[in-house]
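# Structural description and commentary
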Amino acid sequence: MSKSARVLYWFRTDLRLHDSPALQAALDLKPAALFPVWCWDPNYVYKHRVGVNRFRFLLESMNALSERITATQSNSQLLVVRGEPTELLPELWKRWNITHLVIEKDPSAYGRRRDTLIREAAKKSKVEVVAVQGHHLFDPEEVVKRNKGKPTMAMSTLQKIVSDMGDVPKPLDAPKDLPLPQLKDSKSKTLKDLLAELADSLDGLPHYTGKGREGPASVDLNSTELDGQRDKEVTCYNTVNGEAAELFAVPTLESIGMDASKGRDTIKGGEPLALEKLAKICKDAEYVATFAKPKTSPSQSAEDPSTTLLSPYLKFGCLSVRKFWWDVEEAKKKYKGGSKTGPPENLNGQLLFRDMYACAEHAIGDDFQRVRGNEVCRYMDWYLPTHYDKNGEVILPRPPGDAVSEARLSAFKLGQTGFPWIDALMRQLRLEGWMHHLGRHSVAAFLTRGQCWISWERGAEIFDEYLIDWDPCSNPGNWMWLSCSAFFTQYFRLYGLATFPAKYDKTGALVRKYCPELAKFPDKYIYEPFNAPKDVQQKAGCIIGKDYPFPMLDEKETKGENMQRMKICYQANLHGTSKEVLDGKADDM
Ligand code: FAD
């Protein structure tokens, strides 16, 4: 490739320098200039509802990436620009004489739609697009093609397909050098001068103005209201009267309208931290070789997790999933006792689940997020279903549903259901943006087929708002699984609201941590304080019904009713159910 290639490298799902096949493809072009860009996309920032913890993690990861870029090439940094990418990038190509746009493939439905438009714009601008898979173990596009366009509804299906696709590619090293982000006839010698030149080149760039949602998600545990929709006019500026360095800098939480005092930064972002954590995990060869997901405890908090807690880093691409895979393989070899577990329970199996949902979503598209039109999702007559207008758009703000279900959904979200296990998990989610997988099982089953009979879409929305690791494939996929709407059919398997957590921790550590008003209850009543005699409640300094709510429903009664409903729905409706599921070959985890 000639020295005249000028690359705009657009970071999206890959906030890292190590094992980035897309970045390597950019460097293989031997470019004369490389502009490392992050585009602050209003579709993500404003139209999508995102809580403060996810934003904080993203900004930390962007800052870490920018520092990594500068450490590799002292006259470069992440160039943050703001606006609708389909409008903004063509302007940058023109102003920066770009010949190539290089991206890691974003296989989600929104990512594909956006990238189709980008490709059309690039064609018009005579910019060549190089898109490389690196976000999953295997390319979802290729897997779906090999599955004849069908979604992968079981781990066994995915494993069968990828067994013909060769090994997961070995990870690549981070580049030792990066080309400068410089204009064609630049004479600049310093980063400051380069940025000033680039800032001048943005003069007159249009602002994005449009409807969006703004403001922090409330994590006020005492609030009794659901966080409202925040539709308002927003403007994204690229030209400000600040310094050039400030112009391209990673924004602060405050500057994007988020309240930094909300949430808790228990889980910090960035590639260096991700690599450090992975190295620490893999140093413990026994932990890796004997990892079995059902045996990990959901009652351990994010400060001392029983699983890897690497999901946020995979979500933003701070960690390469291929490196995760191969480091696990290496660690297993070092364990003298041999590898004790296999997929789907072991760590490799967990990563394959991530691929399975990505490939399912890839085949279904946008409808994977919802009940309506989703060919794999079984229809249930859930309360609080999603309503659509005549164009098929979701109606927002939502028309109110029945009062009981609305109140239950609100209590669920706020961690005020009166069931300490559910409340502790939901408060952990809202406060810190993460929850153990089996905790997610508990709350998702509770909200849907277990107790509340509320549509899984509403639960998925709450997760979307608060999870740092929120993923457009894994989130709806797992919600469908837990509500027995797809992937999993054993609806008679439920999680006791006291018996399930007690299997892992009789002392109720998670409850004591996130529901401090219950902290002084003896172990015997920690998951069922409503059964404690009055004198025990008084001694614990917490009167049920006054200092902590009564249970909002009867666990056994609702379980029985919902089991009947599930039975009827299953008998009446096989809509979209895949053959593997009907044959009972779906995996249980
Ligand atoms: P580990 O057990 O250490 O697993 C390692 C990695 O494997 C994870 O980081 C994750 O990337 C992947 N993984 C593990 N289990 C799953 C799974 N069931 N599905 C997909 N990937 C998996 N995971 C997300 O990454 N984003 C989501 O939005 C999400 N929503 C979920 C919603 C519900 C209702 C449920 C039940 C699960 C959801 N999960 C989601 C899956 C899973 O709970 C998390 O990936 C996991 O808890 C993250 O913690 P970890 O990194 O310690 O996982």
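Residues numbered from 1 in each chain as written. Predicted model: local features only at pLDDT ≥ 70, side-chain atom pairs only at ≥ 80, totals over all residues. Heavy atoms only, no water.

## Focus: the overall build of the protein chain
Cut-off, in case you're wondering: For helices the rule is a DSSP run of H or I covering at least 4 residues; for strands it is a run of E covering at least 2, with both sets numbered from the N terminus onward. Working definition: with a 1.4 Å probe on protein chains only, accessible area under 20% of the residue-type maximum means buried, over 50% means exposed, and in between means partly exposed. Working rule for contacts: check all heavy atoms of both residues, and any pair within 4.5 Å makes them a contact. Here the accessible surface of atoms and residues is derived via Shrake-Rupley with a 1.4 Å probe, and residues count as covered only by protein chains that are part of the display.
A tally of helices and strands in the protein chain yields 24 helices and seven strands. The buried share of the protein chain, taken over its 589 residues, is 59%. Expressed as a percentage of contacts within the protein chain between residues at least 6 apart in sequence, the contacts between residues at least 24 apart total 77%. Counting only carbon and sulfur atoms, one obtains 51% of the accessible surface of the protein chain, whose full area is about 24400 Å².

## What to know about the pairing of strand β1 (residues 6-11)
Put simply, the rule reads: Two strands make a pair as long as DSSP finds a minimum of two bridges between them. Seen with its strands pointing away from the viewer, a crossover is right-handed if its path from the first strand over the helix to the second goes clockwise.
For β1, a buried count of six out of six residues is recorded, marking the element as mostly surrounded by other parts of the structure. The side-chain alternation of β1 yields two buried faces, one formed by Arg-6, Leu-8 and Trp-10 and the other by Val-7, Tyr-9 and Phe-11. Relative to strand β2 (residues 33-40), β1 is paired through six bridges, and the arrangement is parallel. Pairing of Val-7 across the sheet is with Leu-34, part of β2. Crossover handedness for the path β1 to helix α1 (residues 21-28) to β2: right-handed. As judged from the four bridges shared by β1 and strand β4 (residues 100-104), these two strands associate in the parallel manner. Paired with Leu-8 across the bridge in β4 is Leu-101.

## Considerations on the confidence of the model for the protein chain
Put simply, the rule is: Per-residue confidence from the predictor is reported as pLDDT, a score between 0 and 100.
Here the protein chain averages 89 in pLDDT, while 88% of its residues score no lower than 70. A low-confidence stretch, residues 212-232 (pLDDT under 50), is modelled with 63 contacts involving residues beyond four sequence positions or located in other chains. Confidence drops under pLDDT 50 across residues 576-589; counting only partners more than four residues distant or on other chains, this segment forms 37 contacts. Interface confidence for the predicted complex, given as ipTM, is 1.00, next to a pTM of 0.94.

## Here's the deal with the packing of aromatic side chains
Our working rule: Each pair of aromatic rings taken from Phe, Tyr and Trp, with Trp reduced to its six-membered ring, is defined by centres within 6.5 Å and is described as stacked if the planes are under 30 degrees apart, edge-to-face if over 60, and tilted in the remaining cases.
What the rule picks out here adds up to 22 aromatic pairs. Centroid distance Phe-353 to Trp-481: 5.9 Å. Interplanar angle 85°. Geometry classified as edge-to-face. Note that Phe-353 is positioned in helix α14 (residues 347-364) and Trp-481 in helix α19 (residues 474-482), a separation of 128 residues in sequence. Exposure remark for Trp-481: the relative accessible area of 2% places this residue in the buried category. Consider the rings of Trp-421 and Tyr-527, whose centres lie 6.3 Å apart with planes at 90°: the pair is edge-to-face. With a gap of 106 residues between them, Trp-421 in helix α16 (residues 420-432) and Tyr-527 in the loop between α21 (509-514) and α22 (534-540) connect regions that are remote in the sequence.

## Digging into the site of the ligand
This is how it is decided: We call a residue near a given molecule or strand whenever any one of its heavy atoms falls within 4 Å of it. Definition of a polar contact: a pair of N or O atoms within 3.5 Å, with one able to donate and the other able to accept a hydrogen when the atoms are protein atoms, and with sequence-neighbouring residues admitted only if both atoms are side-chain atoms. Here a cavity denotes grid points, spaced 1 Å and computed from the protein atoms alone, that fit a 1.4 Å probe unable to get out, and a pocket denotes an open set having protein on both sides within 12 Å along at least 5 of 7 lines; residues with an atom within 4 Å of a point are the lining. Here the criterion for a molecule occupying a pocket or cavity is that more than half of its atoms lie within 2 Å of the pocket grid points.
Taken together, 29 residues lie near the ligand, and Thr-307, Thr-308, Leu-309, His-437 and Asp-469 sit nearest. A distance of 2.7 Å is found between an oxygen atom of the ligand and a side-chain nitrogen or oxygen belonging to His-437. One of the backbone nitrogen or oxygen atoms of Asp-471 is found 3.0 Å away from an oxygen atom of the ligand. Coverage of the ligand by the protein amounts to 99% of the 810 Å² it exposes when considered alone. Among the cavities detected, the one that contains the ligand is the largest cavity.

## Quick notes on the pattern of salt bridges
Where we set the bar: Basic side-chain nitrogens of Lys or Arg form a salt bridge, by our definition, when they fall within 4 Å of a carboxyl oxygen of Asp or Glu.
Applying the stated criterion across every chain, the model contains 28 salt bridges. Asp-367 is the salt-bridge partner of Arg-370, the closest N and O atoms lying 3.7 Å from each other. Here the salt bridges do not stand alone but share partners, grouping Arg-12, Asp-106, Arg-114 and Asp-115 into one network.

## Some points on the packing of helix α15 (residues 403-414) against helix α18 (residues 456-466)
Two packed helices can be described by the angle between their axes and the distance between those axes. We apply this condition: With axes taken as lines fitted to C-alpha atoms, and helix axes fitted only over the stretch in contact, angles between N-to-C directions fall between 0 and 180 degrees. Throughout, the term roughly parallel applies to angles under 35 degrees, roughly antiparallel to angles over 145, roughly perpendicular to angles from 65 to 115, and oblique to all others. Each crossing is labelled by how the near helix is turned from the far one, with a counterclockwise turn of less than a right angle marking it left-handed and a clockwise turn marking it right-handed. Ten residue types, Ala, Val, Leu, Ile, Met, Phe, Trp, Tyr, Cys and Pro, are classed as nonpolar, four, Asp, Glu, Lys and Arg, as charged, and the remainder, Gly among them, as polar.
At their nearest, the axes of α15 and α18 sit 11 Å apart, and the two run at 30° to each other. Judged by the angle between their axes, α15 and α18 are roughly parallel. Judged by the sense of rotation from one axis to the other, the crossing of α15 with α18 is right-handed. Together, Leu-409, Phe-412 and Lys-413 of α15 and Arg-458, Ile-462, Glu-465 and Tyr-466 of α18 make up the contact between the two elements. Grouping the constituent residues of the contact of α15 with α18 by class yields four nonpolar, no polar and three charged.

## Details of empty space enclosed by the protein
Under the convention used in this document: Grid points are joined across faces, edges and corners, and a volume is the space filled by probe spheres set on the points.
Counted by the stated rule, this structure contains six cavities of 30 Å³ or more. Computed from the structure, the largest cavity encloses a volume of approximately 700 Å³. In this structure, the largest cavity is lined by 33 residues; those nearest its centre are Lys-293, Ser-311, His-437, Arg-440 and Asp-469. When contributions to the lining of the largest cavity are tallied by element, the ones reaching two or more residues are α12 (311-315), α14, α17 (437-450) and α19. It is α14 that contributes the most residues to the lining of the largest cavity, six residues altogether. Here the residues of the lining of the largest cavity sort into 18 nonpolar, nine polar and six charged.

## Quick look at the layout of surface pockets
Of the pockets and cavities examined, the second largest pocket occupies roughly 440 Å³. Contributing to the lining of the second largest pocket are 17 residues, with Lys-277, Lys-280, Ile-281, Pro-305 and Thr-308 lying nearest its centre. The element contributing the most residues to the lining of the second largest pocket is helix α10 (residues 271-283), with five residues. Tallied by class, the residues present in the lining of the second largest pocket amount to eight nonpolar, three polar and six charged.

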